[in-house]
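Commentary on secondary and tertiary structure
Below, each chain spelled out in residue letters.
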Amino acid sequence: MHTTELPARGAVASSPTLRALPQHCKVCGAEFEAAPEAICGACLGPLEPMYPASRRLPSRAEIASRPPSMWRYREWLPFDGTPTLSQDTGFTPLVSAPRLADRLGVAQLWIKNDAVSHPSLSFKDRVVASAINAAVAFGLEIIGCASTGNLANAVAAHAARAGLPAWIFIPDNLEQAKVLGTAVYGPHLVRVRGHYDDVNRLCAQLADRFGWGIVNVNLRGYYGEGSKTMGFEIAEQLGWRLPSAVVVPMAGGSLLTKLHKAFGEFRETGLVSDAAPRMYGAQAAGCAPIARLVESGGETIVPEIPNTIAKSIAIGNPADGVFAARAMRGTGGWAAAVSDERIVAAIRLLAETTGIFTETAGGATVAAALALAGQGRFGADDEVVLCITGNGLKTLDAISESITDSPLINPRVREVAALVEAAG
Ligand SMILES: *Cc1c(COP(=O)(O)O)cnc(C)c1O
Ligand SMILES: [Zn+2]
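All values derive from a computational prediction rather than experimental measurement.

Within the protein, Cys25 (SG), Cys28 (SG), Cys40 (SG) and Cys43 (SG) serve as the donor atoms for the zinc ion (ligand 2), at 2.3 to 2.4 Å. Its 4 donor atoms give the zinc ion (ligand 2) angles of 100 to 117° at the centre, a pattern that matches the tetrahedral case. Read N to C, the donor residues that coordinate the zinc ion (ligand 2) are spaced as C-x2-C-x11-C-x2-C. Of this pair, Cys28 sits in the loop between strand S2 (23-25) and strand S3 (31-32) while Cys40 sits in the loop between S3 and strand S4 (47-49), placing them 12 residues apart in sequence. The class for Cys28 is partly exposed, based on a relative accessible area of 40%.

Structure below.
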């Protein structure tokens, strides 16, 4: 039942019932005991959790009988024992969008709607739910993050519920809703002069200096696995099938990489038998290092200085960019970078055709899907899922100028009648 690794370095008082799994290096394969560390000591490659090959896996029926949260896929999450925190995250709606399918010229289209993720209205709840349980397993008493906004919201919310102090670092130019939607939970919230990449570099130093569990730095291997649950849910919600193509917004490139991994894991276990979906990535033209890597065919990221309204995905030096590019090329997918104008138009198109209000990252996803369709990358038989990862109420400024004022009237039927006539 229990693995035999030594207590984690820096551990304070680890949970007796929950252990994090050991990790291995994605580049050189070196193995490491479970610890709040994310980088290979041998080659500096990223670490990711290792699952015992002999573990018992559940059937479709067994999974379906479990509570509707991301933890119904717990055998594919990096723990030995039962996680207790953040049990309510996941199992967001998968919504059919026939009008958008027509626009793209594909057979079927669904929106995976993490705009209503619980509790903080973005897919970052999934990664934080995984990371906070790893922090507890390691006995870490303080968690934190470097964030472009949504991760700050999620860490603050999940830490508040768990009663853990949180130190959260954000660039100084974030949207007000992202700042207030973090501060309200009472964390230590620090604004840093600079871009996300400066904040991230600072946090890498802080994790070592203070022994904190920075969810996307030293807990990154455990954090990333939470993203897989979006892919598992898509498969189950389609009736244990895979779509033929998936469009995903990219910041660090982790979500796209982990969705690809999730589809592979379900195919390996026989829970689904379809081909691997073609993976398509979306970025804003003002910060598109991964999309440009896909287009150039190169092997290394060329970092960029972000300049876009899509701040939640504005990472100039993406940690998983190379892996994301490989997943896209390897599955026959591609990437698109879209202008801020297209992002705003696509936020409105999604709202008007599906009733789903997304933030700028979702606008980038829908705009990228339209651009890719325009390049002839989808066929009439395609069954496409668009991953909508965040909520539009968090980025109201992005659309406020594009929405015309509503008429103001006195409470008189006559005035409404005039409006009805004018509306034709
Ligand atoms: C963080 C984020 C992403 C992408 O994250 P990755 O770093 O690529 O995993 C996508 N959408 C939203 C809204 C996000 O906040
Ligand atoms: Zn290595």
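Counting through the fold element by element, Thr353 comes out in helix H12 (residues 340-354). On the basis of relative accessibility, which here comes to 16%, the residue Thr353 falls in the buried class. When residues no more than four places from it in sequence are discounted, the contact partners of Thr353 are Arg99 and Leu100.

Looking at the protein as a whole, its pLDDT mean stands at 95, while 96% of the residues score no less than 70. This stretch, residues 1-12, has a pLDDT under 50; its non-local contacts, to residues over four places away or in other chains, come to 25 contacts.

A few words on the site of ligand 1. Lining the immediate environment of ligand 1, one finds 15 residues, of which Lys124, Gly252, Gly253, Leu255 and Thr389 sit closest. The backbone of Ser254 places a nitrogen or oxygen atom 3.4 Å from an oxygen atom of ligand 1. Burial of ligand 1 by the protein chains amounts to 97% of its free accessible area of 380 Å².

Attention shifts here to a nonpolar patch on the surface. Where nonpolar side chains cluster on the molecular surface, the patch consists of Ile409, Val416, Leu419 and Val420 and spans about 300 Å² of accessible area. Structurally, Ile409 can be placed in the loop between helix H14 (396-400) and helix H15 (413-423).

Read from one edge of the open sheet, 4 strands run S10-S9-S8-S11, paired in parallel fashion. Two strands lie at the open edges of the sheet, namely strand S10 (188-192) and strand S11 (213-214), each paired on one side alone. Here strand S9 (residues 166-171) pairs with S10 via 5 bridges, running parallel. Each residue of the ladder has a partner; that of Ile168, found in S10, is Leu189. Helix H6 (residues 196-210) contacts strand S8 (143-146), S9, S10 and S11 of the sheet and is inclined by roughly 155° relative to S9.

Cut-off values and rules
Residues numbered from 1 in each chain as written. Chains lettered and ligands numbered in written order. Predicted model: local features only at pLDDT ≥ 70, side-chain atom pairs only at ≥ 80, totals over all residues. Heavy atoms only, no water. Donors = N, O, S within 2.8 Å, 3.2 Å for Na, K, Ca; no water. Tetrahedral: all angles 85-135°; square planar, octahedral: opposite > 155°, others 65-115°. Helix = DSSP H or I, 4+ residues; strand = E, 2+ residues; numbered from the N terminus. Buried < 20%, exposed > 50% of the residue type's maximum accessible area, 1.4 Å probe, protein only. Contact = heavy atoms within 4.5 Å. pLDDT = per-residue confidence, 0-100. Near = heavy atom within 4 Å. Polar contact = N/O pair within 3.5 Å; in protein donor to acceptor, adjacent residues only side chain to side chain. Areas by Shrake-Rupley, 256 points an atom, 1.4 Å probe, with all protein chains shown as cover. Patch = residues over 30% accessible without salt bridge, like charges linked within 9 Å, V, L, I, M, F, W, Y side chains within 5 Å. Salt bridge = Lys/Arg side-chain N within 4 Å of Asp/Glu carboxyl O. Pairing = 2+ DSSP bridges. Axes fitted to C-alpha atoms, helices over the stretch in contact; angles between N-to-C directions.

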